[in-house]
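# Chains, contacts and geometry: an overview
Letter by letter, the chains look like this.
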Amino acid sequence: MTSISQNSSTATRRLDVVIVGAGFGGMYAVHKFNAMGLKIQGYEAGSDVGGVWYWNRYPGARVDLPSIDYSFGFSPEVEQEWTWSEQFAAQPELLRYINFVADRLDLRRHIQFNTRVTSAEWDDARQVWVVKTDQGDVVEATYCIMATGPLSIPKDPEIPGIGRFKGELLRAGRWPHQPVSYAGKRVGVIGTGSTGIQIVQEVGPQAGELFVFQRTPSFTMPMRNVPLEPDYVAEVKRNYAGLRESARNSPAGGIRPASTRAFFSVTPAQRLSLMEDAWKQGGLAMLGTFSDLLVNEEANEHVAEFVRGKIGEMVKDPVTAEKLKPRGYPIFARRPCLDSSYYETFNLPTVHLMDCNEDPILEITDKGVRTQSGEVELDMLIFATGYDGLTGAMLAVDVQGRDGLRVSRKWSEGARSYLGIMMAGFPNLFMTTGPNGPAALANIIRISENDVDWIADAMRHMSATGQTAMEPTAEAEDGWMKTVAALSQRSLLNKAKTWYLGANVKDKPQGLSMFTGGFPKYREYCALATQDGYRAHFTFDPVTGSASS
Ligand code: NAP
């Protein structure tokens, strides 16, 4: 593809593409657009590549999808040269993989690290994005790619007094790079989502005492992680192309167990036997046991009760076990967690479950956490309190489109987009894994690859037809938002207060802003958008005379 950048006589550097973020989406974008011969610049706030896996170095951090599935599929060389050691890789191995990819594809020379993009403003007269950073950079680019990720803005709990704590205060999503010691310390963890669960099972046996502040218990199932045998790895490497293809064609964009069997279509004895098998098998097997778990509340409750029974078997103290049993929302409506010893950790005499519903946290003090019943003195306090998900990272940048329209205004009543990739009023601005796409409901790497490939095709189309700016029509965006809303109405995901709905952030517009129709259907919609020369869903600006080099 011909680069459309021009040498500028001014000091402002003129680029074809600015890419914000160097996680999976940003890394693939850098590779792809560079290979297309475009003049690119990546910016990343961290000191290196990796996105969430760069920041989340907390103890026990581990992917809960199979590693072979949770890896790039666009490069056969990378697939053949990298060997995963475990079914579910831990964060250090994931970061080694990400660094291997960056080295192998020589990505770092296109990325400026320790640099946060602060604003991006569309100059309609010149049809460029003017992008500024906290390091004083000002660049202009035809295209701006926001590969900022759905989970990159960690959220502190809304508890007064955080600044007063004199002990060690650690945030899961901003974990220090140096080793942390828990030995002999009184440690508190606030938050019992996927992150808190991984931290608790790791820190519990090491800490002098561990206090787990739980507001909403999560359902977690056994991960049953195993090392990957060389024969298995060799087989996977022979079949990667087929594996990627079947992942792209599966609802969650990954090799996950799935079933066409409805819960009540089999006898109670068969259901029990299937659930026992899934429990023994571990991983996300339970989610794939029946087809209707996310739409049939009664079926869902049966599975939830089965898991509650297992919690009761694993936790010795019946009062603690009861408190750990999630109630009041459907299983899988919060993100399903996988653990290796979470519930058993509460059998240690040094690990204490603090029930924030029975005994609410009032404030953080200089010594620890004050609850209604008294003060818990701590040497270390860990926040595993989640993220401003889906929209937080986009809104952290002052993005201004046509006629001064800001994303913050456009999204004031909830995120709006077309396919989770583009927005009306924001020409040539693209998101990867954006809101209203499948986001957290499918394999994030498959979505990133899909989105970057789609963006590349759109750029090629514009280059081939001599056009300089494209954006979805308001009708296309409205239609997409209606599709997303209609699908989400049926989903039980609406029945739990989660970051999926924006429920964890005060004053955030509420609603399930993810496409729940499955990854293959999403890809169909992406393909549909390009038909007929993109004419049905997009408007294009004509050639302005600057599109050659
Ligand atoms: P999360 O699921 O949003 O959980 C945050 C936790 O903090 C919740 O238990 C929440 O309780 C609690 N909390 C927040 N404010 C509180 C307060 N003031 N007092 C007491 N508790 C409070 O966040 P997360 O665990 O970081 O997970 C976010 C997402 O990251 C996951 O859904 C998953 O997509 C991803 N993740 C993936 C992996 C993996 O692949 N292995 C690991 C970690 C995370 P309430 O529910 O009551 O608000």
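Being a predicted model, the structure only gives us computed values, none of them experimental.

### Looking at the overall build of the protein
Tallying secondary structure elements over the protein gives 16 helices and 20 strands in all. For 549 residues, the compact-globule formula gives about 24 Å, and the C-alpha radius of gyration of the protein, at 24 Å, lands near that figure. Dimensions of the protein along its principal axes, counting C-alpha atoms only, are 75 × 55 × 45 Å. The buried share of the protein, taken over its 549 residues, is 56%. Relative to all contacts within the protein whose residues are 6 or more apart in sequence, the contacts with residues 24 or more apart total 72%. Total accessible area computed for the protein in this model is approximately 22300 Å², and 50% of it derives from carbon and sulfur atoms. Each charge class in the protein was averaged separately, 56 positive and 63 negative side chains, and the resulting centres sit 1 Å apart.

### Observations regarding the sheet that holds strand β7 (residues 168-171)
With parallel pairing, five strands are arranged side by side in an open sheet as β7-β16-β8-β9-β12. Strands with a single pairing partner mark the edges of an open sheet, and in this sheet they are β7 and β12 (351-355). Across this sheet, the average inter-strand angle for adjacent strands is 20°, counted without regard to direction.

### Some words on the packing of aromatic side chains
Two numbers describe a pair of aromatic rings. These are the distance of the centres and the angle of the planes. Using the criterion set out here, one finds 32 aromatic pairs in the structure. Measuring from ring centre to ring centre gives 4.3 Å for Tyr28 and Phe74, while their planes differ by 25°; the resulting arrangement is stacked. One end of the pair, Tyr28, is in helix α1 (residues 24-35); the other, Phe74, is in the loop between α2 (52-55) and α3 (76-81), with 46 residues separating them in the sequence. When the centroid spacing of 5.4 Å and the interplanar angle of 40° are considered together, the rings of Trp82 and Phe100 count as tilted. You can see Trp82 sitting in the loop between α3 and α4 (91-104) and its partner Phe100 sitting in helix α4, a full 18 residues away along the chain.

### Observations regarding the site of the ligand
Around the ligand, 23 residues are found, and the nearest of them are Arg62, Thr195, Arg215, Thr216 and Trp499. The contact in question runs from an oxygen atom of the ligand to an N or O atom on the side chain of Arg335, over 3.5 Å. Partitioned by chemical class, the residues of the shell around the ligand number nine nonpolar, nine polar and five charged.

### Quick notes on the domain arrangement of the protein
Looking at the assigned domains, one finds that the protein contains domain 1 (12-49 + 107-153 + 388-542) and domain 2 (257-331). For domain 1 versus domain 2, the separation of C-alpha centres amounts to 36 Å. Summing the contributions of domain 1 and of domain 2, the shared interface buries around 550 Å²; its carbon and sulfur component is 67%. Of all residues in domain 1, Arg490, Leu492 and Lys495 bury the most surface against domain 2, accounting for 79% of the area lost on that side. Inspection of the region where domain 1 meets domain 2 yields one salt bridge. A salt bridge links Lys495 to Glu297, with the nearest nitrogen and oxygen atoms 3.2 Å apart.

Conventions and cut-offs
- Residues numbered from 1 in each chain as written.
- Predicted model: local features only at pLDDT ≥ 70, side-chain atom pairs only at ≥ 80, totals over all residues.
- Heavy atoms only, no water.
- Helix = DSSP H or I, 4+ residues; strand = E, 2+ residues; numbered from the N terminus.
- Rg over C-alpha atoms; globule rule 2.2 N^0.38 Å.
- Buried < 20%, exposed > 50% of the residue type's maximum accessible area, 1.4 Å probe, protein only.
- Contact = heavy atoms within 4.5 Å.
- Areas by Shrake-Rupley, 256 points an atom, 1.4 Å probe, with all protein chains shown as cover.
- Lys, Arg positive; Asp, Glu negative; His and termini not counted.
- Charge placed at Lys NZ, Arg CZ, Asp CG, Glu CD.
- Pairing = 2+ DSSP bridges.
- Axes fitted to C-alpha atoms, helices over the stretch in contact; angles between N-to-C directions.
- Phe/Tyr/Trp six-rings, centres within 6.5 Å; stacked < 30°, edge-to-face > 60°.
- Near = heavy atom within 4 Å.
- Polar contact = N/O pair within 3.5 Å; in protein donor to acceptor, adjacent residues only side chain to side chain.
- Nonpolar A, V, L, I, M, F, W, Y, C, P; charged D, E, K, R; others polar.
- Domains from an automatic or database assignment.
- Buried area = accessible area lost by both parts, 1.4 Å probe.
- Salt bridge = Lys/Arg side-chain N within 4 Å of Asp/Glu carboxyl O.

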